[in-house]
Amino acid sequence: MYTQGFGVLFILFICSILFAVSTVIAAWVVSAKAPNELKQTTYESGMVPFGEAHIKFDVKFYLYSLLFILFDIEAIFLFPWAMAYDKLGLLGLVEMFIFIAILFIGLVYAWRRKALEWQ
Amino acid sequence: MHDLIYRLLMNLGLPVELIFFIWAGLMFVVISLVGQVAVVFMVLMERKVLAWITQRKGPNRVGPWGLLQTVADGVKLLFKEDIMIPGQDKFLFTAAPILFFAPTFVIYALLPFTDKLLGLNLPIGLLLIFALSSLSVVGIVLAGWGSNNKYSLIGGMRSAAQAISYEIPLVLSALGVALAAGTLNLKTIIESQNAGQYGIFSWYWLSILPLSFVIFWSSSIAEVNRSPFDLPEAESELVSGYNTEYTGMKFALFFLAEYASLFGMSVLMVILFFGGYYSPFGGLLLQKWFHINDPILLEFEMATWLIIKTYIFIALAMLIRGTLPRLKPDQLMGFSWKFLIPLSLVNILSIAILKLTWIGTGLKTIQAGPFTFVVPYIVAYGVLAIVLFLILVIFGNIFKRKVISRIQLQQRTV
């Protein structure tokens, strides 16, 4: 049945994007247009902007995103396990305990190597 | 209800593909109306609540009691000049608010507002909501990069780091609900909470998953970038972060999407932990006390309960914003990685043990009441505590020997 499928979700997503695009276009049509020199500068709390805006940022962000991917995949693995838990029983519990323990060791390792310290 | 509309469209004799599109379009209109109205009221409510906390009156000029203030602001934002600065990546700068906005409204299609007012009743609704809500991170990063502004870049990166850090405890605590209910379908989760017949006592926040609820609440507040976790928008240091350079309608899209996602998260929390559309006395009051079985009235009651519960949580989020100071970045990240994530991992194991005791005692569906959970809970946490204690003892001994040998090594070298 069409009303139950993921196709509707896709159409909704397209509709949502179209709605946002149309509001932006409508605003562009009706909005005031009076550009001047001062408006066209980057806002840096009233100071004259200096240097490149695309600065180098801390490598910490990459470490966090690596850890995030690890734990997000773990969460994805946990969902099917949670659904099938009624049938798996004690065996499922023990297996997941080992799985989570290994990940926990990874977290503790990252913690002790100071990957979780924000500077 | 949507079956009715669908059948009506079928009877008109239109081709199936066209019905499909009309159906989706209608759904989007309803969803966006619900979303816009909710957001308009929330913005006004937030301004009023924050004003009362600081002993001001808040907006009271436009319309009676300032009711039309948000509408006036919206019109103002529509007519504002759209400033684009040379040097900005024009495509990314424009695409970012659209990408940020789009998923937040699609989520509404998956949330059951009543048992029939529900866009899509998918078996994996919960997982899909998390997938959609994590898409908005892309918009934030693009906004930060496309703005050609140092503050925006730092704000965007911080916001992305925060969003991904708090998504893990969020998903893991919701996994506790999925584990307890044995399903990812939001409607079944609500029904299984109501199955206990103890009303408020059989909702998950009190009966089975108090720890999950606390983790979910704090990380959902962080996930929607609200105070005290609103570092990406820290006015005093980053000039509102990733949306510094945005004006007019593009800014309005960010603003709208933030409030829309707060509303969505609050509804999701009510569904997962507070019995969704059921009354706190178990079942529906009209049916239970007044013996009224009119389906439309019952729908109204369901929607009323859900909206009341949702707005209680929104009001709490506003009170938190008005009272608590902002965290530091290191505290923010540490709170997620060093506290919430280990806690939620332990929590999942405890729920798994808890459920095993249920299965062991022959309870197929969890019928949680005020007292049925006490003994299994003690058993679950007891077993978990013993296991953790054993691990600590074993690893502690190894660690102790390591430390002793290191000290001896140091003494020898000295």
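Scroll up to find the structure this text is about.
These lines cover the structure that appears in this document, whether it is placed above or below. (Residues numbered from 1 in each chain as written. Chains lettered and ligands numbered in written order. Predicted model: local features only at pLDDT ≥ 70, side-chain atom pairs only at ≥ 80, totals over all residues.)

## Details of the overall build of chain A
Right, on to step 1. Regarding its fold elements, chain A presents four helices and zero strands.
Right, on to step 2. Going from the N terminus to the C terminus, chain A shows its helices and strands as α-α-α-α.
Right, on to step 3. Relative to the compact-globule value of 14 Å for 119 residues, chain A shows a C-alpha radius of gyration of 25 Å, a clear excess of over 25%.
Right, on to step 4. C-alpha atoms of chain A, sized along the principal axes, occupy 70 × 55 × 15 Å.
Right, on to step 5. Per-residue burial for chain A yields a buried fraction of 15% across its 119 residues. (Helix = DSSP H or I, 4+ residues; strand = E, 2+ residues; numbered from the N terminus. Rg over C-alpha atoms; globule rule 2.2 N^0.38 Å. Buried ≥ 20, exposed ≤ 12 C-beta atoms within 10 Å, placed from the backbone.)

## Regarding the overall build of chain B
Right, on to step 1. Helices and strands together make up the secondary structure of chain B, namely 16 helices and zero strands.
Right, on to step 2. With the C-alpha coordinates aligned to their principal axes, the bounding extent of chain B is approximately 80 × 65 × 50 Å.
Right, on to step 3. A burial count over chain B gives 47% of its 414 residues as buried.
Right, on to step 4. The contacts of chain B with a sequence gap of at least 6 include a subset with a gap of at least 24, amounting to 78%. (Contact = placed C-beta atoms within 7 Å.)

## Remarks on the packing of helix α1 (residues 6–30) of chain A against helix α2 (residues 16–53) of chain B
Right, on to step 1. The interhelical angle for the contact between α1(A) and α2(B), taken along N-to-C directions, is 55 degrees, at an axis separation of 9 Å. Looking at the two axes, α1(A) sits oblique to α2(B). Judged by the sense of rotation from one axis to the other, the crossing of α1(A) with α2(B) is right-handed. Across the interface between the two elements, G7(A), V8(A), I11(A), L12(A), C15(A), S16(A) and F19(A) from α1(A) touch F20(B), F21(B), W23(B), A24(B), G25(B), M27(B), F28(B) and S32(B) from α2(B).
Right, on to step 2. Per-class residue counts for the contact of α1(A) with α2(B) are eleven nonpolar, four polar and no charged. (Axes fitted to C-alpha atoms, helices over the stretch in contact; angles between N-to-C directions. Parallel < 35°, antiparallel > 145°, perpendicular 65-115°, else oblique. Left-handed = near helix turned anticlockwise from the far one by under 90°. Nonpolar A, V, L, I, M, F, W, Y, C, P; charged D, E, K, R; others polar.)

## Notes on the interface of chain A and chain B
Right, on to step 1. Taken together, the contact between chain A and chain B spans 59 residues of the former and 68 residues of the latter.
Right, on to step 2. Mapped onto the side of chain A that touches chain B, the elements with two or more residues apiece are α1, α2 (60–83), α3 (85–88) and α4 (90–112) of chain A.
Right, on to step 3. When residues in the side of chain A that touches chain B are grouped by element, the largest group, 17 residues, is from α1(A).
Right, on to step 4. Across the side of chain A that touches chain B, the residue classes tally to 41 nonpolar, 13 polar and five charged.

## Looking at unusual backbone geometry
Residue and element names in this part refer to chain B.
Right, on to step 1. We note that N148 has phi near 60 degrees; this positive angle belongs to a residue other than glycine.
Right, on to step 2. The residue N148 is located in the loop between α6 (136–146) and α7 (150–181) in this model.
Right, on to step 3. N148 gets classed as buried once you count the C-beta atoms within 10 Å, which come to 20.
Right, on to step 4. Although it is not a glycine, H291 sits at a positive phi angle of roughly 55 degrees.
Right, on to step 5. In this fold, H291 is placed in the loop between α13 (285–288) and α14 (295–323).
Right, on to step 6. Exposure remark for H291: the 7 C-beta atoms within 10 Å place this residue in the exposed category.

## Some thoughts on helix α8 (residues 186–194) of chain B
Right, on to step 1. When α8(B) is considered as a whole, its buried residues turn out to be L186(B), I189(B), I190(B), S192(B) and Q193(B). Down the axis of α8(B), the sector holding all buried residues measures 165 degrees, keeping them to one side. (Arc of directions from axis to C-beta.)

## Regarding the nonpolar core
Right, on to step 1. Of all hydrophobic cores here, the largest spans 131 residues; its most connected members are L175(B) and L253(B).
Right, on to step 2. Residue assignment places this core across two domains, with domain 1 (1–72) and domain 2 (80–372) of chain B each supplying three or more.
Right, on to step 3. Residues in contact with L175(B), not counting those within four places in the same chain, are A75(A), L78(A), F79(A), A82(A) and I348(B). (Core = buried A, V, L, I, M, F, W, Y, C linked by C-beta atoms within 7 Å. Domains from an automatic or database assignment.)

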